[in-house]
Amino acid sequence: MLMCEPVHYRIDYEINPWMRRSNRVHGTRALDQWRRLRVRIEELGVAVELIRQAPGAPDMTFTANAGVVLGGRFIPSNFRFPERRPEEDHFIRWFRRRGYRIETIHLPHYWEGEGDVLPAGERVFAGHRYRTEFRALDHLEEALGGELVRLELASERFYHLDTCFAPLGGGRALYAPAAFTSEGRARLAAHFDDLIAVEPEEALRFACNALVVDRHVVMNAGCPATAGALRERGYEPVESATDEFIKAGGSVKCLALMLDAFAPRGDAGAP
Ligand code: ARG
């Protein structure tokens, strides 16, 4: 996974309903929470790669939004808001230097990477409306060589798919019902045998913004009902406090980009 130590993380602008410039980030606490999260992820046997945060890119620590990695190809995001566009070049350079082929999605269509695009088994789910444009998904389908399951988002607080949906493997997923349209909910129900509805209060604590590593589910601390539902099904919740990041509208999953989540058949894999 790719992570970015939040050395320049701040709330400098407001591009989602969570962000308030007056609600300042506590710098050392943010660093401490991020470092603990990194250790927890590494303890699960995941290799963490790092990109250095650029001073003019305060949200760059949310690496999930960089794009998606398909074997040896990197498809960078076209950020919706100009505030985050400076990140694009930094991520592109990181991947190019490591030998990835860079494939862009046609402008002006905006989309925000793994924040809105999550693989689950044979399927890839894509959220759209707030940060990813419906039309951008046509281009992404070409790049992926397959159809996406499109889910329209319905609540501004859940502006990226990864804020309200987490596939757990084995036909299971966590989701926040209020974040989807009735059509989206029906679509999810058709694809999962066990859709776990996260209670509203915990959905707002980013319980769905979880990182799944086999039977371990790394998630924000303070979501006991969700943790219990996971335990009942044989998962092991791994809690990690991310309050400083919730100030910007992100939690565990937003802080990591998968480098090997999509394994297209016949692809040689990462360089
Ligand atoms: N402040 C960032 C933004 O609004 C937070 C990004 C959260 N990332 C995510 N994958 N949900 O763009």
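Right above here is the structure, for reference.
Our subject in this report is the structure included herewith.

Parameters at a glance
- In this convention, every chain numbers its residues from 1, walking through the sequence in written order.
- For a predicted model such as this one, the threshold for reporting local features is a pLDDT of at least 70, and the threshold for listing and counting side-chain atom pairs is 80 or more; totals across whole chains, interfaces and linings nevertheless cover every residue.
- Based on all heavy atoms of the structure, the side-chain values leave hydrogens and waters out of the count.
- Criterion used throughout: strands pair if DSSP finds at least two bridges between them.
- Labels follow the DSSP assignment, with helices taken as runs of H or I lasting at least four residues and strands as runs of E lasting at least two, numbered in each case from the N terminus.
- Interaxial angles span 0 to 180 degrees and are taken between N-to-C directions of axes, which are lines fitted to C-alpha atoms, for helices over the stretch in contact.
- For this analysis, a salt bridge means a side-chain nitrogen from Lys or Arg found within 4 Å of a carboxyl oxygen belonging to Asp or Glu.
- Buried residues are those whose accessible area, probed at 1.4 Å on protein chains only, stays under 20% of the maximum for their type, while exposed residues exceed 50% and partly exposed ones sit between those limits.
- Contacts between residues were defined by any pair of non-hydrogen atoms, one from each residue, lying within 4.5 Å.
- We define a polar contact as two N or O atoms separated by no more than 3.5 Å, with the added condition that, inside protein, one atom must be a possible hydrogen donor and the other a possible acceptor, whereas residues neighbouring each other in sequence contribute only through side-chain atom pairs.
- With a 1 Å grid laid over protein atoms only, a set of points is called a cavity when a 1.4 Å probe fits there but cannot get out and a pocket when it is open yet has protein on both sides within 12 Å along at least five of seven lines; lining residues have an atom within 4 Å of a point.
- Grid points are joined across faces, edges and corners, and a volume is the space filled by probe spheres set on the points.
- Residue polarity follows a fixed list, in which Ala, Val, Leu, Ile, Met, Phe, Trp, Tyr, Cys and Pro are nonpolar, Asp, Glu, Lys and Arg are charged, and the others, Gly among them, are polar.
- A pair of aromatic rings is counted whenever rings of Phe, Tyr or Trp (Trp by its six-membered ring) have centres within 6.5 Å, and the orientation is called stacked for planes under 30 degrees apart, edge-to-face for over 60 and tilted otherwise.

1. Here we look at the sheet that holds strand β10 (residues 172–175)
1) Next: Across the sheet, which stays open at both edges, the three strands sit in the order β9-β10-β11 with mixed pairing between neighbours. The open sheet has two edge strands with one neighbour each: β9 (165–169) and β11 (194–197). The sheet shows a mean angle of 20° between the axes of neighbouring strands, direction not considered.
2) Next: The sheet contact formed by β10 and β11 spans four bridges and is parallel. Bridged to Arg172 within β11 is Asp194.

2. Here we look at the pattern of salt bridges
1) Next: Considering all chains together, one arrives at 19 salt bridges under this definition.
2) Next: The shortest N-O distance in the salt bridge between Arg135 and Asp138 comes to 2.9 Å. On the criterion of helical spacing, the pair formed by Arg135 and Asp138 is a turn pair, its members being three residues apart in helix α3 (residues 134–144).
3) Next: According to the relative accessible area criterion, Asp138 is partly exposed, its value standing at 27%.
4) Next: Arg233 is the salt-bridge partner of Asp194, the closest N and O atoms lying 2.6 Å from each other. Of the two residues, Asp194 sits in strand β11 while Arg233 sits in the loop between α6 (224–232) and β14 (236–240), which places them 39 residues apart along the sequence.
5) Next: Since its relative accessible area comes to 24%, Arg233 is described here as partly exposed.

3. Notes on α3
1) Next: Residues of α3 that are buried include every one of Ala136, Leu137, His139, Leu140, Glu141 and Ala143, and no others.
2) Next: Summarising the contacts, the buried residues of α3 are in contact with β3 (67–70), β4 (73–76), β6 (117–120), β7 (123–128) and β8 (149–152).

4. Some details on the side chain of Asn209
1) Next: Positionally, Asn209 belongs in the loop between α5 (200–203) and β12 (211–213).
2) Next: Owing to a relative accessible area of 0%, Asn209 belongs among the buried residues under this scheme.
3) Next: Within polar-contact distance, the side chain of Asn209 engages the backbone nitrogen of Ser251 at 3.1 Å.
4) Next: From its side chain, Asn209 meets the backbone nitrogen of Cys254 in a polar contact 3.2 Å long.
5) Next: Non-local contacts of Asn209, meaning those with residues more than four positions away in its chain, are made with Asp162, Thr163, Gly250, Ser251, Val252, Lys253 and Cys254.

5. Quick word on the layout of surface pockets
A probe matching the size of a water molecule, rolled over the atoms, marks out where space remains unfilled.
1) Next: Computed from the structure, the largest pocket encloses a volume of approximately 710 Å³.
2) Next: For the largest pocket, the lining is made up of 33 residues, of which Pro119, Pro167, Val212, Met258 and Ala261 are closest to its centre.
3) Next: Classifying every residue of the lining of the largest pocket by side-chain character gives 20 nonpolar, five polar and eight charged.

6. Looking at the packing of aromatic side chains
1) Next: Inspection of every chain in the model, using the stated rule, returns 11 aromatic pairs.
2) Next: A centroid spacing of 5.9 Å and a plane angle of 85° characterise the contact between Tyr9 and Phe62, whose relative ring orientation is edge-to-face. Of this pair, Tyr9 sits in the loop between β1 (2–3) and α1 (27–43) while Phe62 sits in the loop between β2 (49–50) and β3, and the two are 53 residues apart along the sequence. A single burial state applies to Tyr9 and to Phe62, both of which are buried.
3) Next: Arranged with centres 4.8 Å apart and planes meeting at 75°, the rings of Trp94 and Phe95 form a pair that is edge-to-face. The pair Trp94 / Phe95 is uniform in exposure class, with both members buried.
4) Next: An aromatic cluster of three or more residues is present, and its members are Phe74, Trp94, Phe95 and Tyr100.

7. With respect to empty space enclosed by the protein
1) Next: Summed over all chains, the structure comprises one cavity of 30 Å³ or more.
2) Next: Looking at the largest cavity, its volume works out to about 80 Å³.
3) Next: Along its surface, the largest cavity is lined by 13 residues, and Phe62, Asn65, Arg84, Tyr159 and Ala248 are the ones closest to its centre.
4) Next: Each residue belonging to the lining of the largest cavity can be placed in one class, and the counts come to six nonpolar, four polar and three charged.

8. Overview of the environment of Lys253
1) Next: Note that Lys253 resides in the segment after α7 (243–246).
2) Next: When the C-alpha atoms of Lys253 and Leu211 are compared, they prove to be 5.2 Å apart, with 42 residues separating the residues in sequence.
3) Next: A distance of 2.9 Å separates the side chain of Lys253 from the side chain of Glu114, its partner in a polar contact.

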